[in-house]
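# A closer look at the structure
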Amino acid sequence: MDKILKGIMKYRVTDRKTMVEQFKQVANNPAPKAVFFTCMDSRMIPTRFTETNVGDMFVVRNAGNVIPHCGHFLDEYHTNEPAALELGCIINDIRHIIVCGHSDCKAMNLLYALRDAEMSSQKNRRLSPLRSWLCTHAHSSLEKFQQLALTGYQHPLIFQAETPMRKFVAYIDPDDKFAIPDKLSQVHCLQQMQNIASYSFLKSRLEKHELHIHALWFDIYSGDIYYFSRGEKRFIEINENTIDPLLKEVKRYYS
């Protein structure tokens, strides 16, 4: 708390005035461009690595950037994530949803360990809210990852896209650059795209191509950011050589 309180005092001197001016500018006409789902990991600072500012994004964070599938909920029982989707995409008419995972994700490392039956047993789940959260809402990611592992990480996976009739193919880490739990993290990102598309209140906008779902992946140790390219069927590093093709793909797929 000492660091946080002193940080607030520094903010009062350095950034408060500028931020208040920005709040005033967007107060009457806020126009956020994306709902951004990411992990609560303290190393993930999405507004910094996207260079976004006040009013640009709704940011939703939890352990493991999980968006539960709609099938987990009955009637009025929901969690924060679908409520954020409704607030952002229906009430505020945001057109882009981004799921952003990262390397060395502690939640994904634990999910990988939960392949073990004892680790994921009902007894252990009762003792750990995090294990229960992952076993309940990220099990589909683990199942998808195990399909990949059976092929020696060589064969592509198929995910449902914005509508049940649309699919996309994904090769996971074809250059074998990342650790096995990081491969799971990438699979998990793409599975969350499928989970988002399960919500009926988004169906009309998705079918009309008024709403688009994207995946990013952040390599903590290099600082590199990857975008899942449906054209290339894999995560592509965003850099000086790839930015123009990626912008063209985004325009082609999501305009």
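Values in this document were obtained by computation on a predicted structure and should not be read as measured data. (Residues numbered from 1 in each chain as written. Predicted model: local features only at pLDDT ≥ 70, side-chain atom pairs only at ≥ 80, totals over all residues. Heavy atoms only, no water.)

## What to know about the UniProt feature "binding site: Zn(2+)" (unreviewed entry) in the protein chain
In the numbering adopted here, UniProt assigns the feature "binding site: Zn(2+)" (unreviewed entry) to Cys39, Asp41, His102 and Cys105. Maximum C-alpha separation among the annotated residues is 9.1 Å over a sequence range of 67 residues, consistent with a single clustered spot. Mapped onto the fold, His102 is located in strand S3 (residues 96-102). Look past the residues within four positions of His102 in its chain and what remains in contact with it is Cys39, Asp41, Arg43, Met44, Ser185, Trp217, Phe218 and Ile220. (UniProt positions renumbered as here; feature names shortened; annotations may be inferred. Helix = DSSP H or I, 4+ residues; strand = E, 2+ residues; numbered from the N terminus. Contact = heavy atoms within 4.5 Å.)

## Quick notes on the packing of helix H8 (residues 139-150) against helix H9 (residues 180-196)
Interhelical geometry of H8 versus H9 gives an angle of 125° and a closest axis separation of 8 Å. Between H8 and H9, the angle falls in the class oblique. Read as a crossing pair, H8 and H9 show a hand that is right-handed. Where H8 abuts H9, its residues Ser140, Ser141, Leu142, Lys144, Phe145 and Leu148 lie against Ile180, Lys183, Leu184, Val187, His188, Gln191, Gln192 and Asn195. A class-by-class count of the residues in the contact of H8 with H9 yields six nonpolar, six polar and two charged. (Axes fitted to C-alpha atoms, helices over the stretch in contact; angles between N-to-C directions. Parallel < 35°, antiparallel > 145°, perpendicular 65-115°, else oblique. Left-handed = near helix turned anticlockwise from the far one by under 90°. Nonpolar A, V, L, I, M, F, W, Y, C, P; charged D, E, K, R; others polar.)

## A short note on the packing of aromatic side chains
Evaluated as defined, the whole model comprises eleven aromatic pairs. Ring centres of Phe159 and Phe168 lie 5.4 Å apart, and the angle between their planes is 15°; on these two criteria the pair is classed as stacked. Relative accessible area serves as the criterion here: at 0%, Phe159 is assigned to the buried category. Assessed through its relative accessible area of 4%, Phe168 is described here as buried. Between the aromatic rings of Phe178 and Trp217, the centroid separation amounts to 4.8 Å while the plane-to-plane angle is 70°, which identifies the pairing as edge-to-face. Of this pair, Phe178 sits in the loop between strand S5 (167-170) and H9 while Trp217 sits in strand S6 (residues 212-218), placing them 39 residues apart in sequence. On the accessibility criterion, Phe178 (12% relative accessible area) is buried. Classification of Trp217 by relative accessible area gives buried; the value is 0%. Among the aromatic side chains, those forming a connected cluster through ring pairs are Phe159, Phe168, Phe228 and Phe235. (Phe/Tyr/Trp six-rings, centres within 6.5 Å; stacked < 30°, edge-to-face > 60°. Buried < 20%, exposed > 50% of the residue type's maximum accessible area, 1.4 Å probe, protein only.)

## Quick word on helix H10 (residues 200-207)
All of the buried residues along H10 are Leu202, Arg205 and Leu206. Projection of H10 onto a plane perpendicular to its axis shows the buried side chains occupying an angular sector of 100°, all on one side. Structurally, H10 contributes buried residues whose contacts are with helix H4 (80-91), S3, H9 and S6. Residue His209 follows H10 closely and has a positive phi angle near 60°. (Arc of directions from axis to C-beta.)

## Section: the pattern of salt bridges
Under the criterion given, the structure shown has twelve salt bridges. Salt-bridge contacts for Asp93 lead to Arg205; the nearest nitrogen and oxygen are separated by 3.0 Å. Within this pair, whereas Asp93 is found in the loop between H4 and S3, its partner Arg205 is found in helix H10, the two being separated by 112 residues in sequence. With a relative accessible area of 10%, Arg205 lands in the buried category. Between Glu210 and Arg205 there is a salt bridge, and its shortest N-O distance comes to 3.9 Å. Relative accessible area serves as the criterion here: at 31%, Glu210 is assigned to the partly exposed category. (Salt bridge = Lys/Arg side-chain N within 4 Å of Asp/Glu carboxyl O.)

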